[in-house]
Amino acid sequence: MTAPADSIMEGKLTISPIPTVDPEINEIRRKTAEIVTGHIIPNENRLRTWNDETRALRDQIKQTVKDAGLWAPHLPKEYGGMGIGFMKHAYMNEILAWSPFSSALFGVVAPNSGNQNILIKYGTEEQKKQWLEPLINGEIESCFSMTEPEAAGSDPYSIQTRAVRDGDEWVINGHKWFTSNARRAHFAIVMCRTEEEDGAGGTQEKMTQIIVPTDTPGFNIQRSVPVWGHEGGDHCEIIYDNVRVPVTNQLGRTGSGHQAAQDRLGAGRVYHCMNSVGQMWRAFDLMCRRSIEREVRGGTLEHKQFIQGFIADSYIDIMSARLMTLHTAEVIDSGQGDVRTNISAIKIQVPEALHRVVDRAIQVYGAKGVSTDTPLEGMYRGARTLRIADGPDEVHRVLIAKNVLKRYHDGMSWDFGV
Ligand SMILES: Cc1cc2nc3c(=O)[nH]c(=O)nc-3n(C[C@H](O)[C@H](O)[C@H](O)COP(=O)(O)OP(=O)(O)OC[C@H]3O[C@@H](n4cnc5c(N)ncnc54)[C@H](O)[C@@H]3O)c2cc1C
């Protein structure tokens, strides 16, 4: 497929070094931007399709990424990644997200990337050899199976899928859905209830994550749940029917499943938010370019006050979302301050800001904005979905209020210095 004649896909985004950060961060940003604007954005229309030619193109871009030392920013060096640590990765994500095609081409593909991190933290040497290494090498795929139709995903203690010990095996029975990537996956990490009563660590110790190879008898995919009208998606509904796996497939100690899920999301939400900031940056760029090019009633859109309002409000949305996210990253990096309240605040603020910015950009484009000739329609669906996945907004609002009021109950006020 060739780009439409008036394609904006060749648009170059520009970045300047940030004077206040480690020079290595600026170097990573610059090199990332070079590849995203030079190799990925100009090829977006081709990268939408899968054929021999676009497979070769993907391989070629991946090699460019590897040669630049930018492969797998989420992984430590000993596992073939960049080993760059938290802040550098956060800043890199902002640039990666200029194109929806970047992550895969830089070796970060959900849910594999989350599973890789969990295996690194909780896996035994044997599990790492069997599952992590081929996953990193791209020889196998994986999925994460937690959400259930009959239990609220926003209440992680309500999980009904049970794993019961039978000799040297776990026997798993349950019903999951929205297990993304399940049809392609060679193994699932399944969140199971393994304790009926509170475990040693209280309510939080009832769940355990267990690795289930997807060819195990009883792992039965019922359907792919269509999302946003896409019938061919891979968000699967699965019945676990007496699925037997060795106890050695358990990740971490019994009862550590909830903590492992927190580790998976926790600080990772900063990466997701920086990713959203990068998408906003791209949407903003598209909106501005369109507004100086599109002629309406004797003048370009830039001269209409409604459009100027869209640009100004989007600028404010992006700057506030970006600064809040960077503040949260600094709080995490410093090891001091209220991490959880800050993370919940950005988990609400940033996807909402993304939703607004993309919505305005679509409006400026008119019909083209809802077509796949620009990345905006995909960003819009993603932004709306983000407000549910990783914990719905309301759950995070409740948590913020609780944390704030706790300080008042403790005889203090809220301290905005943290
Ligand atoms: C595209 C997509 C991909 C996904 N991929 C995966 C995956 O790979 N693996 C996986 O396990 N899951 C996945 N999920 C599921 C996702 O994690 C859950 O949808 C999410 O945790 C919310 O759970 P739920 O859908 O059961 O909503 P519920 O928990 O039923 O919540 C529904 C609504 O109730 C309200 N609500 C909830 N709690 C409160 C409260 N305390 N106060 C006030 N209101 C409240 C909120 O408005 C919320 O949106 C995916 C979801 C989507 C959309």
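This structure is a prediction, so every number in the text was calculated from the model and none was measured.

Examining the overall build of the protein chain
Counting its regular elements, the protein chain contains 13 helices and 10 strands. Here the protein chain has a C-alpha radius of gyration of 22 Å; the compact-globule value for 418 residues is 22 Å, and the two agree. Along the three orthogonal principal directions, the C-alpha set of the protein chain runs to about 80 × 65 × 40 Å. Taking all 418 residues of the protein chain together, the buried fraction comes to 39%.

Side note on the domain arrangement of the protein chain
We note that the domain assignment places domain 1 (23-108), domain 2 (142-256) and domain 3 (266-409) within the protein chain. Computed from C-alpha coordinates alone, the two centres of domain 2 and domain 3 are separated by 32 Å.

Describing the nonpolar core
Formed by 94 residues in total, the largest nonpolar core has its most connected members in Ile210, Val212, Ala283, Val358 and Ala361. By residue number, the principal contributor to this core is helix α11 (residues 339-365), which donates 13 residues. Setting aside anything within four residues of it in sequence, one finds isoleucine 210 in contact with Ala163, Trp170, Ile172, Val190, Cys192, Val245, Asn249, Gln250 and Leu251.

A short note on the packing of helix α9 (residues 268-293) against helix α12 (residues 376-386)
In contact at an axis separation of 11 Å, α9 and α12 are set at 145° when each is read in the N-to-C sense. In the packing of α9 onto α12, the handedness of the crossing is left-handed. Where α9 abuts α12, its residues Ser276, Gln279, Ala283 and Leu286 lie against Leu376, Met379 and Leu386.

Considerations on the site of the ligand
For the ligand, the set of nearby residues contains 20 residues, the closest of which are Met146, Ala152, Gly153, Ser154 and Pro392. Counting residues per element, the ones that place at least two in the shell around the ligand are β1 (142-145), β3 (169-180) and α13 (393-409).

Focus: the packing of α9 against α11
The interhelical angle for the contact between α9 and α11, taken along N-to-C directions, is 20°, at an axis separation of 9 Å. With respect to α11, the axis of α9 lies roughly parallel. Like other packed secondary-structure pairs, α9 and α11 cross with a definite hand, here left-handed. Grouping the constituent residues of the contact of α9 with α11 by class yields 18 nonpolar, 3 polar and 4 charged.

Section: the pairing of β1
Because side chains alternate across β1, one face comprises the buried residues Ser142 and Phe144, and the other comprises Cys143 and Ser145, equally buried. Judged from the 4 bridges that link them, β1 and strand β4 (residues 187-193) form a sheet pairing that is parallel. Note that in β4 the partner of serine 142 across the bridge is phenylalanine 187.

Definitions and cut-offs
- Residues numbered from 1 in each chain as written.
- Predicted model: local features only at pLDDT ≥ 70, side-chain atom pairs only at ≥ 80, totals over all residues.
- Helix = DSSP H or I, 4+ residues; strand = E, 2+ residues; numbered from the N terminus.
- Rg over C-alpha atoms; globule rule 2.2 N^0.38 Å.
- Buried ≥ 20, exposed ≤ 12 C-beta atoms within 10 Å, placed from the backbone.
- Domains from an automatic or database assignment.
- Core = buried A, V, L, I, M, F, W, Y, C linked by C-beta atoms within 7 Å.
- Contact = placed C-beta atoms within 7 Å.
- Axes fitted to C-alpha atoms, helices over the stretch in contact; angles between N-to-C directions.
- Left-handed = near helix turned anticlockwise from the far one by under 90°.
- Near = placed C-beta within 6 Å.
- Parallel < 35°, antiparallel > 145°, perpendicular 65-115°, else oblique.
- Nonpolar A, V, L, I, M, F, W, Y, C, P; charged D, E, K, R; others polar.
- Pairing = 2+ DSSP bridges.

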